[in-house]
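# Results of the structural survey
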Amino acid sequence: MTGNEVTAIRAGWVLSMDPAIGDLRHGHVVIAGDTIRMVSAGEVPPGIPVIDLPEMILLPGFVDTHRHTWQSCIRHGCCDMASSAQYFREILGGIGGRYRPEDVMVGTWLGAVSALEMGTTTLMDWAHVMNTPEHADAAIEGLRAAGIRAIFGYGWPLTEPVSWMDASMRPHPHDIERIRRDVLHSDDGLIGLAMAARGPEMAANGVWQQDLRRARDMDLRSSIHMGAAGRGPRFEAIRQMEEAGLLGPDLTFVHCNTSSDDELRMMADHGVSASLGVQVETVTLAYGDVPIDRLLEVGIRPSLSSDTETKGAGDMFTQMRLALSLYRAQKTNGHSRTRSTPEMLTTRDVLEMATIVGAEANGLADRVGSLTPGKKADLILIRASDLNLVPVTDPVAAVVAAAHPGNIDSVMVGGRFVKRGGQMLDPAIARLRARAAASQAYLYEARA
C-alpha cells in the first residue's frame, strides 16, 4: 500500500484495544494512506478493495517503552552474568566506550528490524551510547533503515562512564539540541525525540534539575532509570524530584523495583508513567521485585519493555506472559503486598500494557496503540490457524497466553507492510546480517 490508496483488511477477529469499538468477530479495518479510516463489523464500503484474512487475528502493533537497541549485535551475551554490577562494568563501563558509529547504526537497525518482525511497531530507543554526535546520527539512521516508528531517546556517552553515571557534574550532551533543531525538529514523523535522562541516582544535585528543564524547554519527554537494585532506598530519587517540583506527566520512570510505596504514590499524583522490563528485571540479581502490583495499587498501569537483548528476548509476548504470571504469583502466594488491586490480572489488562498503555507512556496515544479511526495504520496479523492457537476460544487469551513471534504473519507501519506472509520485505536484511556479524566480531575482540 502506498500514497493515498484505500484498502480494507478483513480478519476473523479484530482486537481494536479501543473500548468504544471493542472486539469484532469478522471485522475489518479500512486504511487510507497511512491512517485508519474505519473499524467495523459491518459491510466494507463499496468500491474498496479487500484483503480477506478469515483465519487471522488483527490487532494494533505492540509498543515497547524502553529498549537499548544499540546492544542488539551483542544480544544474549550477558544472560549468565553473576550480577548487575558485572553488566555495568563490562558493557556500560567497558565495551560501550569502544562502540563506533557503525556499530550503533547496525545494532540499532538490527534491533529495530527484529522488533518489527516480532510485532513491535513502536519502540522507545534508549540510546545511552552517544559517544559523539556521529553516534547519534548513526542511531537515527538505523531506525530509519528499519522503517519502525520510534522515539529516539538521546542519552549520554559511555566514554569516561563513571563521570557520567556517578554523582555526575556533567550536563546532558548539548548535541541533543542540534538533533532537535536540525534532524528531528518535529515529532509528527515516524521518528520523534526524547531525552534519555539521568535523575538523582546518577547526576549531581543541580545537574539533573537543569537537564529536565532543558528537555522541557525543547518540548521533549524524558525517560529515566529509577529504583533498580539498591539505588532506590539509597537515593529516594522520586522523592527528591517531588520536593523539587519536577514530577510531571511528561516523565516515564523505568524499573522502580526498589522505589518505595510513597514514591510510587508521588508518581501517580503527578501523572508519571512507568515502564517495566519484566524479563530483565527477573533475571538480573539484586534488581529488586517487579512492582506490578504496587504500581496498580496507586493507580499506575505499567507499560512493558524488552530492555536489553543482552539478557533476554526482544519480543513483547515474553514480557506479557511474564507480567501475567508474576502478578498472579504476587497476589496468590499467601503474602500479597497490596490490598485494593484485583486478585486476577486479566489477559486483556496485559495486552493493554503492551499496546495502548505503552503508547501513552511514549506520548503517542493520539497516534498508535489502538485501532481507532484517525490513528496511524500500525497493526499486526497473527495466524490463528497455527497449531499452537487453533481452535481459538478467546482471541485475547490466545495472543497473551500462547502466541509467539513465529505466529505473526504480517506487520504494517503507517499503512505500509514491512512483513507479509511471514517474511520481512526489505531486501537489505541479508546485507544487515553480514554487517551485524562483522560488528559483533569487532566488539567482542575489543572486549577481549
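Below you will find a few notes about this structure. Since this is a predicted model, take the numbers as computed values, not measurements.

## Description of the pattern of salt bridges
- Scanning the model with the defined rule gives 25 salt bridges in all.
- Measuring nitrogen to oxygen at the nearest pair gives 2.7 Å for the salt bridge that ties Glu-160 to Arg-170. Of the two residues, Glu-160 sits in the loop between β7 (149-154) and α4 (161-165) while Arg-170 sits in the loop between α4 and α5 (175-183), which places them 10 residues apart along the sequence.
- The exposure class assigned to Arg-170 is partly exposed, which follows from its relative accessible area of 31%.
- Of the charged contacts, one joins Arg-367 and Asp-366 as a salt bridge, the two residues approaching to 3.7 Å between their closest N and O atoms.

## With respect to the environment of Val-357
- Along the chain, Val-357 turns up in helix α14 (residues 356-361).
- Taking C-alpha positions, Val-357 is 7.0 Å from Arg-301, a pair spaced 56 residues apart along the chain.
- Val-357 has contacts with Arg-301, Pro-302, Ser-303 and Glu-352, leaving out every residue within four places of it along the chain.

## Concerning the environment of Gly-248
- The topology assignment puts Gly-248 in the loop between α8 (237-243) and β10 (251-255).
- For Gly-248, a relative accessible area of 4% gives the class buried.
- Taking the C-alpha atoms as reference points, Gly-248 and Gly-271, separated by 23 residues in sequence, lie 5.8 Å from one another.
- Among all residues touching Gly-248, those that are not within four sequence positions of it are Arg-216, His-270, Gly-271 and Val-272.

## Overview of helix α15 (residues 395-402)
- Those residues of α15 that sit buried are Pro-395, Val-396, Ala-398, Val-399 and Val-400.
- Taking the backbone nitrogen of Val-396 as reference, a side-chain oxygen 3.0 Å away marks Asp-394 as the first, capping residue of α15.

## Structural notes on the sheet that holds strand β12 (residues 303-304)
- Strand order in this open sheet of 8 strands is β5-β6-β7-β8-β9-β10-β11-β12, and the pairing throughout is parallel. Here the strands that pair on one side only, and so sit at the sheet edges, are β5 (62-67) and β12.
- With 6 bridges joining them, strand β6 (residues 120-127) and β7 adopt parallel strand pairing. Residue pairing for β7: Met-124 is matched across the bridge by Ile-151.

## Examining the side chain of Lys-375
- Within the secondary structure, Lys-375 is located in the loop between α14 and β13 (379-383).
- The buried charged residue Lys-375 lacks any salt bridge, with Asp-18 as its nearest oppositely charged partner at 6.4 Å.
- A distance of 3.2 Å separates a polar side-chain atom of Lys-375 from the backbone oxygen of Val-368.
- Once residues lying within four places of it in the same chain are set aside, the contact partners of Lys-375 are Asp-34, Thr-35, Ile-36, Ile-356, Ala-365, Asp-366, Arg-367, Val-368 and Ser-370.

## Topic: the nonpolar core
- One finds Phe-62, Phe-152, Phe-253, Met-320, Leu-351 and Val-399 to be the most contacted residues of the largest nonpolar core, which totals 126 residues.
- Here this core takes 9 residues from helix α2 (residues 101-117), the largest share from any one element.
- Setting aside residues up to four positions removed in sequence, Leu-351 forms contacts with Leu-15, Met-17, Leu-59, Phe-62, Met-320, Val-396, Val-399 and Val-400.
- Ile-9, Val-14, Ile-36 and Met-412 belong to the second-largest nonpolar core, a separate cluster that totals 18 residues.

## Focus on the packing of α2 against helix α3 (residues 133-146)
- Contact geometry for α2 and α3: axes closest at 7 Å, N-to-C directions at 30 degrees. In terms of orientation, α2 and α3 fall into the roughly parallel class. Considering the relative orientation of α2 and α3, their crossing is right-handed. Of the residues in α3, those touching α2 at Pro-101, Val-104, Met-105, Thr-108, Trp-109, Ala-112, Val-113 and Leu-116 are Glu-134, His-135, Ala-138, Ala-139, Glu-141, Gly-142, Leu-143, Ala-145 and Ala-146.

About the thresholds
- Residues numbered from 1 in each chain as written.
- Predicted model: local features only at pLDDT ≥ 70, side-chain atom pairs only at ≥ 80, totals over all residues.
- Heavy atoms only, no water.
- Salt bridge = Lys/Arg side-chain N within 4 Å of Asp/Glu carboxyl O.
- Helix = DSSP H or I, 4+ residues; strand = E, 2+ residues; numbered from the N terminus.
- Buried < 20%, exposed > 50% of the residue type's maximum accessible area, 1.4 Å probe, protein only.
- Contact = heavy atoms within 4.5 Å.
- Polar contact = N/O pair within 3.5 Å; in protein donor to acceptor, adjacent residues only side chain to side chain.
- Pairing = 2+ DSSP bridges.
- Lys, Arg positive; Asp, Glu negative; His and termini not counted.
- Core = buried A, V, L, I, M, F, W, Y, C linked by side-chain atoms within 4.5 Å.
- Axes fitted to C-alpha atoms, helices over the stretch in contact; angles between N-to-C directions.
- Parallel < 35°, antiparallel > 145°, perpendicular 65-115°, else oblique.
- Left-handed = near helix turned anticlockwise from the far one by under 90°.

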